[in-house]
Amino acid sequence: MARNFGFLVLILSIIFVCEAAIFHPISESHRSAALEVFTPLDGSFGSLEEASEALRTFEILGIGNELNIRDSTCPSVVETLGSSSSSLKDLFYALRVNKLLKCEINEEIFAGIASRLKVSVHEANSLLDFYYSIGSLRLIKDQTSEVDAFLVDADGIFKSIKALSQSDGRWRYSSNNPASSTYAAGLALETLAGVVSLATSEIDQSLIGTLKNDIVKLFDSAEKYDDGAYYFDEKLVDAPEHQGPLSATSSVVRGLTAFATSTSESLDLPGAKVLGLAKFFLGIGIPGNAKDFYNQIDALACLESNRVSIPLILSLPATVLSLTRKDQLKVRVNTVLGSAAPSLSVKLKQAFSSGSKDASIIESQELKFDQENDVHFLDAWPKSVDVGNYVFVFEIVLQDSEHKKIYATGGRTKVPIYVTGVIKVDNAEIAVLDSDIGSIESQKKLDLARETALSLSANHLQKLRLSFQLTTPLGHPFKPHQAFLKLKHETKVEHIFVLGNSGKQFEITLDFLGLVEKFFYLSGRYDIQLTVGDAVMENSYLRELGHIELDLPEPPEKATRPPPQAVDPYLRYGPKAEITHIFRSPEKRPPQELSLAFLALVLLPFLGFLVGLLRLGVNLKNFPTSTVPATFAILFHVGIGAVLSLYVLFWLKLDLFTTLKALGFLGIFLMFVGHRTLSHLASTSAKLKSA
Amino acid sequence: MGKSSTTKDAQALFQSLRSAYSATPTNLKIIDLYVMFAVFTALIQVVYMAVVGSFPFNSFLSGVLSCVGTAVLAICLRIQVNKENKEFKDLPPERAFADFVLCNLVLHLVIMNFLG
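Residues numbered from 1 in each chain as written. Chains lettered and ligands numbered in written order. Predicted model: local features only at pLDDT ≥ 70, side-chain atom pairs only at ≥ 80, totals over all residues. Heavy atoms only, no water.

Looking at an unreviewed UniProt entry, chain B carries the name Dolichyl-diphosphooligosaccharide--protein glycosyltransferase subunit DAD1, with the source organism given as Camellia lanceoleosa.

In the annotation of an unreviewed UniProt entry, chain A is listed under the name Dolichyl-diphosphooligosaccharide--protein glycosyltransferase subunit 2 and assigned to Camellia lanceoleosa.

Some points on the overall build of chain B
When helices and strands are tallied, chain B shows four helices and zero strands. Order of helices (α) and strands (β) in chain B, N terminus to C terminus: α-α-α-α. Out of the 116 residues belonging to chain B, those deemed buried represent 32%. In chain B, of all internal contacts separated by at least 6 residues, the share reaching a separation of at least 24 is 67%. Here chain B displays about 7,400 Å² of accessible surface, and carbon together with sulfur accounts for 69% of that area. (Helix = DSSP H or I, 4+ residues; strand = E, 2+ residues; numbered from the N terminus. Buried < 20%, exposed > 50% of the residue type's maximum accessible area, 1.4 Å probe, protein only. Contact = heavy atoms within 4.5 Å. Areas by Shrake-Rupley, 256 points an atom, 1.4 Å probe, with all protein chains shown as cover.)

Thoughts on the overall build of chain A
The helix and strand inventory of chain A stands at 19 helices and 24 strands. Residues counted as buried form 44% of the 691 residues belonging to chain A. In chain A, 69% of the contacts between residues at least 6 apart in sequence involve partners at least 24 apart. For chain A, the accessible area works out to roughly 36,900 Å², and carbon and sulfur atoms hold 55% of it.

Some details on the interface of chain B and chain A
Counting residues at the interface gives 27 residues for chain B and 29 residues for chain A. Where chain B abuts chain A, roughly 2,600 Å² becomes buried across the two surfaces, and 87% of that area is made up of carbon and sulfur atoms. The largest contributions to the chain B side of the interface with chain A come from B:Phe55, B:Glu94 and B:Leu105, which together make up 22% of the buried area. The interface formed by chain B and chain A holds zero salt bridges in total. Here chain B and chain A share two residue pairs in polar contact (both at pLDDT 80 or more) between them. Of all the elements, helix H2 (residues 26-52) of chain B adds the most residues to the side of chain B that touches chain A, at 14 residues. Each residue belonging to the side of chain B that touches chain A can be placed in one class, and the counts come to 19 nonpolar, six polar and two charged. (Buried area = accessible area lost by both parts, 1.4 Å probe. Salt bridge = Lys/Arg side-chain N within 4 Å of Asp/Glu carboxyl O. Polar contact = N/O pair within 3.5 Å; in protein donor to acceptor, adjacent residues only side chain to side chain. Nonpolar A, V, L, I, M, F, W, Y, C, P; charged D, E, K, R; others polar.)

Observations concerning the sheet that holds strand E18 (residues 462-471) of chain A
Residue and element names in this part refer to chain A. Pairing in this open sheet of five strands is antiparallel, and the strands run E16-E15-E18-E22-E21 from one edge to the other. Looking at which strands have only one partner, the edges of the open sheet turn out to be strand E16 (440-445) and strand E21 (500-502). Within the sheet, the average angular offset between the axes of one strand and its neighbour, ignoring direction, is 20°. Strand direction decides the pairing type here: E18 and strand E22 (residues 505-511), joined by seven bridges, are antiparallel. For Gln 469, the partnering residue across the bridge sits in E22 and is Gln 505. (Pairing = 2+ DSSP bridges. Axes fitted to C-alpha atoms, helices over the stretch in contact; angles between N-to-C directions.)

Comments concerning the packing of helix H11 (residues 245-263) of chain A against helix H12 (residues 271-283) of chain A
Residues and elements named next belong to chain A. Between H11 and H12, the shortest axis-to-axis distance is 11 Å and the interhelical angle comes to 140°. Considering their axes alone, H11 and H12 lie oblique with respect to each other. Crossing angle aside, the handedness with which H11 passes H12 is left-handed. When H11 is examined against H12, the residues Pro 245, Leu 246, Thr 249, Ser 250 and Val 253 are found in contact with a partner set consisting of Leu 277, Phe 280 and Phe 281. Class assignment for the residues of the contact of H11 with H12 results in six nonpolar, two polar and no charged. (Parallel < 35°, antiparallel > 145°, perpendicular 65-115°, else oblique. Left-handed = near helix turned anticlockwise from the far one by under 90°.)

Let's talk about the state of the cysteines
Applying the stated criterion to the full structure yields one disulfide over all chains. What pairs with A:Cys74 in a disulfide is A:Cys103, and their sulfur atoms sit 1.9 Å apart. Classification of the bridge connecting A:Cys74 and A:Cys103 rests on its S-S torsion, roughly -85°, and on that basis the disulfide is left-handed. Here the residue A:Cys74 occupies a position in helix H4 (residues 70-82), and A:Cys103 occupies one in the loop between helix H5 (88-101) and helix H6 (107-123), the gap between them amounting to 29 residues. With respect to class, A:Cys74 is no different from A:Cys103; both count as buried. Summary of cysteine pairing: B:Cys76 is not part of a disulfide, and the nearest cysteine sulfur, belonging to B:Cys103, is at 7.9 Å. (Disulfide = S-S within 2.5 Å.)

Focus: the sheet that holds strand E5 (residues 310-315) of chain A
Residues and elements named next belong to chain A. Strand order in the open sheet made by the five strands is E10-E11-E7-E5-E13, with mixed pairing throughout. Of all the strands in the sheet, just strand E10 (368-370) and strand E13 (407-408) have a single pairing partner and so form its edges. Pairing analysis gives three bridges linking strand E7 (residues 329-335) to strand E11 (residues 375-378), with the strands arranged antiparallel. Note on E11: the bridge partner recorded for Lys 330 is Phe 377.

A word on a nonpolar patch on the surface
Nonpolar side chains collect at one region of the surface, where A:Leu601, A:Leu604, A:Phe606, A:Leu607 and A:Leu610 lie side by side and expose about 420 Å² of accessible area between them. Within the element layout of this structure, A:Leu604 appears in helix H17 (residues 592-616). (Patch = residues over 30% accessible without salt bridge, like charges linked within 9 Å, V, L, I, M, F, W, Y side chains within 5 Å.)

Regarding the packing of aromatic side chains
Enumeration over the complete set of coordinates arrives at 27 aromatic pairs over all chains. Ring plane angle 70° and centroid distance 6.4 Å describe the contact between A:Tyr390 and A:Phe392, whose orientation is recorded as edge-to-face. Neither A:Tyr390 nor A:Phe392 differs from the other in exposure class; each is buried. With centroids separated by 6.0 Å and ring planes inclined at 55°, the aromatic side chains of B:Tyr34 and B:Phe37 adopt a geometry described as tilted. On the criterion of helical spacing, the pair formed by B:Tyr34 and B:Phe37 is a turn pair, its members being three residues apart in helix H2. A relative accessible area of 22% means that B:Tyr34 is categorised as partly exposed. (Phe/Tyr/Trp six-rings, centres within 6.5 Å; stacked < 30°, edge-to-face > 60°.)

What to know about the packing of helix H8 (residues 154-162) of chain A against helix H9 (residues 182-198) of chain A
Residues and elements named next belong to chain A. Between H8 and H9, the shortest axis-to-axis distance is 10 Å and the interhelical angle comes to 170°. Classified by the angle their axes make, H8 and H9 are roughly antiparallel. Between H8 and H9, the residues in contact are Ala 154, Ile 157, Phe 158 and Ile 161 and Thr 191, Leu 192, Val 195 and Val 196, respectively. By residue class, the composition of the contact of H8 with H9 is seven nonpolar, one polar and no charged.

Let's talk about the side chain of A:Thr413
The topology assignment puts A:Thr413 in strand E14 (residues 412-420). The residues touching A:Thr413, leaving out its near neighbours within four places in the chain, are A:Leu314, A:Phe392, A:Val393 and A:Phe394.

Thoughts on the pattern of salt bridges
Using the criterion set out here, one finds 18 salt bridges over all chains in the structure. Here A:Lys486 makes a salt bridge to A:Glu494, at a shortest N to O gap of 3.6 Å. Between B:Arg95 and B:Asp99 there is a salt bridge, and its shortest N-O distance comes to 3.4 Å. Pair noted here: B:Arg95 and B:Asp99 are both in helix H4 (residues 93-115), with a separation of four residues, about one helical turn. According to the relative accessible area criterion, B:Arg95 is partly exposed, its value standing at 44%. Its relative accessible area of 25% is what places B:Asp99 among the partly exposed residues. Three or more residues are tied together by salt bridges with common partners; here these are A:Glu49, A:Glu53, A:Lys89 and A:Lys291.

So, the confidence of the model for chain B
Residues and elements named next belong to chain B. Mean pLDDT over chain B: 89, with 97% of residues reaching 70 or higher. No element of chain B has a lower mean pLDDT than helix H1 (residues 2-22), which averages 87, and none a higher one than helix H3 (residues 57-81), which averages 93. Model confidence for the complex is summarised by a pTM of 0.62, with the ipTM given as 0.89. (pLDDT = per-residue confidence, 0-100.)

Shown next, in the form of structure tokens:
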């Protein structure tokens, strides 16, 4: 029972932690999950797109060597790049895979693709065409320096892409599709960043200025969760190219960081929003499918090293701390992918009990930094922190003022903290009192730390008193969530009493005279059970104290009957008792020899009958000799034999109806031949007589 | 004296019975033999039941009743065939035999149904 209780406390604390939504940076669990989510079938992925996403994810997580698909994927990359009929999308993903795998590709092939792409950039009219062509050109530029991938008419291309933008910062996929999309905005930003980096001459500054406005407008449409996470979602949910919030947000993040990198412009985006985007990706946890996994990790990698502002994530290894074990309050600050933050200090600004929001119990103080483990810790618990639920408010202070422009710390971070401890139980006593004078009849000290087996007895004129004290490790009185006394009669009738407290002291007095009615006049043995429990109490317990023998008066005639006890759900819905089928045991049979002996014995009279017939000198002289009557006579005997055989068949396998049908025909036949035979015999004997 | 005279009387009685019976026509003797055969068969089955127990009771019943029924029918036949029986004087023995066969077939149909 006590173990169950501990388990309950654990579950409760886990629930609280989940609600608090503390964001943890990417860690080992993501790496091991990635190995499961991205599993190549027979050594290769279904498409180059999947392969490129897997390779990119593994590269970011630093486990690229685990994915051994070079031998199986390179041939299809070479084939796609070498074919002149490959679509722009296939070319783009083939180049992306090639960037990571570095397959052996001819310079001439690159040159051929580059010239083909340049033509398609000028002919393109949809955003995706621009995206794939420009993206491919950029990849070629990265992979080889020999080929000229630069765009001459960069301004013109920039303008034709910008023509697809909407006033609210979103983009359209093509000029004849009026629906605007956030996902498309991300793609467009990435494409434009590509155009900027491929331009042979400087892009017109006014164009870049309007684009910056678009980005700010786009960020105004970002939506917010209660825990501070920001994300982008599509306005039109039923559009055919609809993307979920995760891919839309990651597309925007990719576009934004690419644009910031290529233009070296400073974008004035609020740090809280950038941090909120990071929180959105981290709050997802570990996605179950490969696409989401890639979107999450790739977007976080973009945020990790972007030029706008780099989010710093404050996380706590443990939010349930034990006073008794003297757990230290530890705080970690990392970037989103878990790498070390620049030199900074963490301040504990405030701490208050989650019940009362106003009174801070801790002075503002700075946490010490442990260089070795990269954690900030509070070296000593303040005297004012007792067991209970608290909200701690932390603030990250960057030491270098230059860093304040680069990093987004998000101001103050509120973290719910659970301080647990072992509660001391003192002065536990149980006593039976005489009602009228209040004199103590029997009194016993209790040790609630271990099982006790009390044996008390009382009648309806007496009282039962139970009292104990609960104090926290710091000596304050403690009031647990649950403090119950349960009396359970032999017949499973239960009575639960809540223990009241006055200051430290918990006490309950049961006056049996007033409870006789409630106890349904049931005399006999009652088991006593005491429950004291709280989420922050490490030694919550549910203790069997023993039993009390109650002697209550006989029930009057109109006394209420005890209610029928609820059937145990485990009994009702659990497995039923197994039904064993009892078959009638076969009757005792006699030994086979005996039966056979009697069979022979039954045949004896028949033998006797035959012998007797011989002795009597029986003959067949009366059997007709002329042909026709003899035939009838034989048929008559055959008929009788047939009927008897039919009976045997009936006994062995036929049913009554078949038998009766056959018997009908046989009977008619038999009657006919019988009549002929017997009348012939009769006429012969009549002739004999007359002669 | 008295005892030997009883024995003698008994012997004389049997003697006269045998001589009287030997005058019975052969066909009646055949029927008597048949009746004896049926009755003994029934008796053996009853003994078997007494030894072993009456477990397949319907089988036992059909076996015994088959024999008893046959015996009864044979006796009826004997009554009808007996020439000295004036009551059935007009009835030809062939007709009696036909009755006997028919009754036997019906009886055994029932017996077979009951045999199980």
